[in-house]
Amino acid sequence: MPPFRNRFLSWAAIILVLCVLVVSIVFNILLGLNKSRIVNAANTLISDQLDVGYMAYVFPNIVVIKDAVLVPNDDLDPARVVKLPAVTAEFSILEFILRQNVTVQKVKLYSPYIHHGYFSDFLKRNGKQLLDFLLRLPRVDFRFSVKDTLWDFTVGAGSPDYVQLNFVFWMKKDTIRVQGAARKDKYVHAPKHKTRQPREDPAGVSRGWPPWASLAKGGQRQAAGLPLEFDFQGVWAGEGLFIDHLSLIRKNVYLKLWGSLFREKLQLNGFAFLDTYPQEEYGTVKPVKQSGRIREYLRKAQKPVPAGHFQDKDLYLMDMDCLARISPPRVDVERLNFNFNDVPVTLKGRLLFNDLFSADLDIGLDPARSKNFAMKNLNEIRWHLAGASDGKVFTSDNDIHVSFDKAKNPNFPVTKIDSTLKGLRFLLDQYARPSARLKRGETTIATGGNLHKLFLENAVISLSALKSTLRLLEVKSPFYGGRLAGRFWLTTGRPVPKVDGTVVLNDVDVHQLDELFLDFAKAEGRLFGRVHLTSVPRLSLDGQFDMHNGRLKNFAFFQWLADTFNLPSLRQVDFRQVSSGFTADLDALKFKGILLSSGNVNISGDFAIDKNGLVASYLSLAFSKKLLDESAKFRPILKIFGEDIPMVVFDFQLAGRQEAMNFQWMPSPHKNMIQERIPNFVERIIERRIDKMMTPAEQPQAAAPQKE
Amino acid sequence: MRMRVWIILTGWLLFVPASGYAGEVDALYAKALQAARAGRVDFVFMYCNQIDREYPRSRYREQVLFAKGEYFYELPAHALAKEAFEKVLEEYPQSPAKLFVLSYLHKIAEAEGKAESIERFRKEILTLRQVGLVFKETKEYNYSSPFYRSYRAVFYIDKVEFYRGGELFAAVSQ
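Values in this document were obtained by computation on a predicted structure and should not be read as measured data.

### Digging into the overall build of chain B
Thinking step 1. Across its full length, chain B holds 6 helices and 5 strands.
Thinking step 2. Ordered by position from the N terminus, the helices and strands of chain B form the series α-α-α-α-α-α-β-β-β-β-β.
Thinking step 3. Counting all 174 residues of chain B, 34% fall into the buried class.
Thinking step 4. Counting only contacts in chain B whose residues sit at least 6 apart along the sequence, the fraction spanning at least 24 positions is 39%.

Laid out in structure tokens, this is it:
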């Protein structure tokens, strides 16, 4: 190489370096001088206070902003902050040289820290003017990326709760795309003196954490959450936006939507799959080498949707079709139709996103149109919800109507359930146990021609997660002069969801239950009971009830005895105790260990009625001599029993149709004593009378009982 | 006088064929009973079938249908037997043979393995009559068919037993 040429190249390099130096120095000086003006300009745009550590120019087209902090003007809480430790902005050199115009093309945020509560308030205060400002900017190709955002949802020192967020937004011509992932990790509270600097985490996931995050909150990461990846692509078209796709993908979630947004009209179609029993919510935190990190990046970069991604999902929403009019703060959902696990669902109504969020929705489910729904006789569910939220509590009034198709399951007794829930208040606190209060609830259950009404007032309902698939629902409420306490364990694991529950009734006024069960209108007393419900292997109830010191008035059975045998005292039975165990399923209702004790009559035994209305029962009735003395029919037999027998016992077996039961007077010592005193012809007369009594007028006589 | 002659003549024309019709059915039914007494069941069926085919509104229709049902059940031609017995239930809901018709239908349903029908007829049999047993343990009902078969139903508190010609034919329990 000739020496002249070498010398030229050397000088050219020196001049270039000098130019770079000069340009860098000049621009850095200019930036330094104008830093306050730039910050002030930004501060005029927003209501809060922006502060910048320093700004630097890096040749040829990068501006670096370090330690930018956004804090509220009126709040001195150091936790309420948005911190941007490092921001780089790249502008177009060509635009700058040709038109002396600074057109930012790329902005990158590194490890920002966002306090959720503060940032939400900030957006409420400034969101609109920021959006207007961005929309006024000339439309240029632009890329905005955020890396390792730490979004702080922590409330209280003992509950560290952060979301890690990475995303890229870019706009090229008319195409907009947003891609990224959010991840919620598992943290435990760690005392300050034991907290390690997150920067030292070998996994590198928490790299770039601002020191105040862990130090202030004392959170220590225990496990990495499964990331929720999102991908949006849209195309500007005049006054609207075509939504090419919007995908949300997680191990247990797959959602894909597409549609358009023109003026106020949002049209969306799509589908979703959801696995509500994910095997693992968190992955183990383990050191990752550089090579492993590269492999992880390459795996994610491919972004294929696995073919079997839908196979293990237990909830799926298909054929989603949504048409809504968005006129902020109001959204009118004209229709939102989808198939939820093959059950057609329709939703329409209004949402209002003011300071007070409110919703007025009509939701309908049509299981009858589903081929796969297990409960074939469930016809339709209509639910009207009108509610509002102040951010802390969601209060709603609900009308729910459920109808059943008798033709599809004649054995199912319920034809309709209408429920009105007034003042149902949900506490919106993610750190507290989910709980609700019901001011007033009224449920009417129609079974055949009967209506059963159930009232609940001031009920408290709470839900606890005992394990990932086990929930505990607790209900406590005043109940007809007494108390109701219920506990239901909901197991959502495979193969089928399971419900187990117990309801305890304490000191309930039986007479007030007349609208729930008509027979209670004829009873007085205090009821204590326990009901156990289970859904596996089949829906069944069992339990026990006790009533003390009450009264039965004109009770059907005693009424029949009183009329038939002329025993007027049985029209009203003052009892010391009535108790029974019971079991119920779709095949039969059984009362076991029935016990009634009163001055005049004691009853013990079992009683069962099956789905065909057939009764099977053994009852032992003991009547006092005083009671039997009331009837001329029984008076003659009283002489048979001596003073040592205070009550005469009649054992009966009952069977047959509930409305016209067969009965047999079973052998017993007392029956033998009576039978010994009665001549055979009297027995036959009695039998004939009973036959006559039990043969209805219309019953054919041709195949009459054989005369003996 | 002339008017009276016309009235008598018209009446004669109306009633004579009718009595002839009734007489023919009676004769056929009498033949059927005679054949039944002689144990010629095929002839019984033949006469009953003729009555059913040619005089579908005769006063013997109920017995004829039951007899056809019995005959077809014995062949066995369960579908035809079922058809005949169901006609008895449909056209003569108060028939004295109803209980035994139900017992046949229950047996046919059992033979065909139709659980729903078995359950339906079981319930109908158990609830057809209400029995009250004070000193006795059973109640009995009897019926004689055109085939001169004696039927007996024994009602227990929760069970019915059917005897045909003295032999246990069916039992239905709750």
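Having seen the structure, we can now continue with the description.
### Some remarks on the overall build of chain A
Thinking step 1. A count of helical and extended segments in chain A gives 10 helices and 36 strands.
Thinking step 2. In chain A, which comprises 708 residues, the proportion classed as buried is 14%.
Thinking step 3. Sequence separation of 24 or more characterises 46% of the internal contacts of chain A that already satisfy a separation of 6 or more.

### Some thoughts on the packing of helix α4 (residues 78-91) of chain B against helix α5 (residues 98-112) of chain B
All names here are of chain B.
Thinking step 1. At a minimum axis distance of 10 Å, the contact between α4 and α5 shows a crossing angle of 150°. Put simply, α4 runs roughly antiparallel to α5. Of the two possible hands of crossing, α4 and α5 adopt the one that is left-handed. Residues H78, A81, K82, F85, V88 and L89 of α4 touch α5, and the partners they reach there are K98, V101, Y104, L105, I108, A111 and E112.
Thinking step 2. Residues of the contact of α4 with α5, tallied by class, amount to 9 nonpolar, 1 polar and 3 charged.

### Quick word on unusual backbone geometry
Residue and element names in this part refer to chain A.
Thinking step 1. Between F59 and P60 the backbone carries a cis peptide bond, its omega angle lying at 5°.
Thinking step 2. Here the bond from P328 into P329 is cis, since omega is 5°, no more than 30 degrees from zero.
Thinking step 3. Mapped onto the elements, P329 comes out in the loop between β17 (315-327) and β18 (330-340).
Thinking step 4. Even without being a glycine, K173 presents a positive backbone phi close to 50°.
Thinking step 5. Secondary-structure assignment places K173 in the loop between β8 (162-172) and β9 (175-184).
Thinking step 6. On the basis of neighbour count, K173 is assigned to the exposed category, with 10 C-beta atoms found within 10 Å.
Thinking step 7. Located in the positive-phi region is Y480, a residue other than glycine, with phi close to 45°.
Thinking step 8. For Y480, the location among the structural elements is in the loop between β26 (470-479) and β27 (482-491).

### Considerations on the confidence of the model for chain B
Residues and elements named next belong to chain B.
Thinking step 1. Mean pLDDT over chain B: 86, with 87% of residues reaching 70 or higher.
Thinking step 2. Scored below 50 in pLDDT, residues 13-20 shows 0 contacts in the model against residues more than four places distant or in partner chains.
Thinking step 3. For this predicted complex, the interface score ipTM comes out at 0.77, while the overall pTM is 0.67.

### As for the packing of helix α2 (residues 41-54) of chain B against helix α3 (residues 61-74) of chain B
Residues and elements named next belong to chain B.
Thinking step 1. In the contact formed by α2 and α3, the axes pass within 9 Å of each other and the chain directions differ by 135°. On the basis of the axis angle, α2 is oblique to α3. For the crossing formed where α2 meets α3, the hand is left-handed. Taking contact as the criterion, the partners of V41, V44, F45, C48, N49, I51 and D52 in α2 are, on α3, V64, L65, A67, K68 and Y71.
Thinking step 2. Considered class by class, the residues forming the contact of α2 with α3 number 9 nonpolar, 1 polar and 2 charged.

### As for the nonpolar core
Thinking step 1. With 49 residues, the main nonpolar core has A32(B), V44(B), C48(B), V101(B), Y104(B) and L105(B) as its most contacted residues.
Thinking step 2. In terms of residue count, α5(B) provides more of this core than any other element does, 8 residues in total.
Thinking step 3. Core analysis: the next-biggest nonpolar cluster, separate from the first, contains 25 residues, F558(A), L570(A), V578(A) and V601(A) among them.

### A closer look at the sheet that holds strand β2 (residues 139-144) of chain B
Residue and element names in this part refer to chain B.
Thinking step 1. Spatially, the 4 strands line up as an open sheet ordered β2-β3-β4-β5, and their pairing is antiparallel. Whereas interior strands pair on both sides, the edge strands pair on one side only; in this sheet they are β2 and β5 (167-173). Between one strand and the next, the sheet's axes are offset by a mean angle of 15°, whatever the strand orientation.
Thinking step 2. Here β2 pairs with strand β3 (residues 150-155) via 6 bridges, running antiparallel. Paired with N142 across the two strands is R152, which belongs to β3.
Thinking step 3. Set on the sheet, α5 makes contact with β2, β3, β4 (159-164) and β5; between it and β5 the angle comes to about 85°.

### Some remarks on the interface of chain A and chain B
Thinking step 1. Every contact between the two is made by 24 residues of chain A and, on the other side, 21 residues of chain B.
Thinking step 2. If you list the elements that add at least two residues to the side of chain A that touches chain B, you get β34 (614-624), β35 (647-657), β36 (660-665) and α10 (680-694) of chain A.
Thinking step 3. A total of 6 residues in the side of chain A that touches chain B trace back to one element, the largest contributor, which is α10(A).

### Considerations on the environment of S419(A)
Residue and element names in this part refer to chain A.
Thinking step 1. Secondary-structure assignment places S419 in strand β23 (residues 414-427).
Thinking step 2. Residue S419 is classed as partly exposed on the basis of its C-beta count, with 16 C-beta atoms lying within 10 Å.
Thinking step 3. For the pair S419 and K453, spaced 34 residues apart in the sequence, the C-alpha separation amounts to 9.5 Å.
Thinking step 4. In this structure, S419 is in contact with I400, G441 and T443, ignoring residues within four places of it in sequence.

### Concerning the pairing of β9(A)
Residues and elements named next belong to chain A.
Thinking step 1. The pairing of β8 with β9 spans 10 bridges and is classified as antiparallel. Note on β9: the bridge partner recorded for N166 is A181.
Thinking step 2. Bridge count between β9 and strand β12 (residues 228-237): 8 bridges; the pairing is antiparallel. Bridge pairing in β12 links Q179 to D231.

### Structural notes on the environment of A608(A)
All names here are of chain A.
Thinking step 1. By the secondary structure assignment, A608 is in strand β33 (residues 601-610).
Thinking step 2. Residues A608 and A584, spaced 24 residues apart in sequence, show a C-alpha to C-alpha distance of 9.5 Å.
Thinking step 3. The residues touching A608, leaving out its near neighbours within four places in the chain, are A588, L589, K590, A616 and S617.

### Details of the environment of L246(A)
Residue and element names in this part refer to chain A.
Thinking step 1. Among the structural elements, L246 can be located in strand β13 (residues 240-250).
Thinking step 2. Note: C-alpha distance between L246 and Q179 (67 residues apart in sequence) is 9.7 Å.
Thinking step 3. Not counting the four nearest positions on each side in its chain, L246 is found in contact with F232 and L257.

### Considerations on the confidence of the model for chain A
All names here are of chain A.
Thinking step 1. Summary statistics for chain A give a mean pLDDT of 83 and a share of 87% for residues scoring 70 or more.
Thinking step 2. Counting interchain partners and residues more than four positions distant, the pLDDT-below-50 stretch residues 193-216 has 37 contacts.
Thinking step 3. Residue range residues 697-708 is modelled with pLDDT below 50. Its contacts to residues more than four positions away, or to other chains, number 15 contacts.

Criteria and cut-off values
Residues numbered from 1 in each chain as written. Chains lettered and ligands numbered in written order. Predicted model: local features only at pLDDT ≥ 70, side-chain atom pairs only at ≥ 80, totals over all residues. Helix = DSSP H or I, 4+ residues; strand = E, 2+ residues; numbered from the N terminus. Buried ≥ 20, exposed ≤ 12 C-beta atoms within 10 Å, placed from the backbone. Contact = placed C-beta atoms within 7 Å. Axes fitted to C-alpha atoms, helices over the stretch in contact; angles between N-to-C directions. Parallel < 35°, antiparallel > 145°, perpendicular 65-115°, else oblique. Left-handed = near helix turned anticlockwise from the far one by under 90°. Nonpolar A, V, L, I, M, F, W, Y, C, P; charged D, E, K, R; others polar. pLDDT = per-residue confidence, 0-100. Core = buried A, V, L, I, M, F, W, Y, C linked by C-beta atoms within 7 Å. Pairing = 2+ DSSP bridges.

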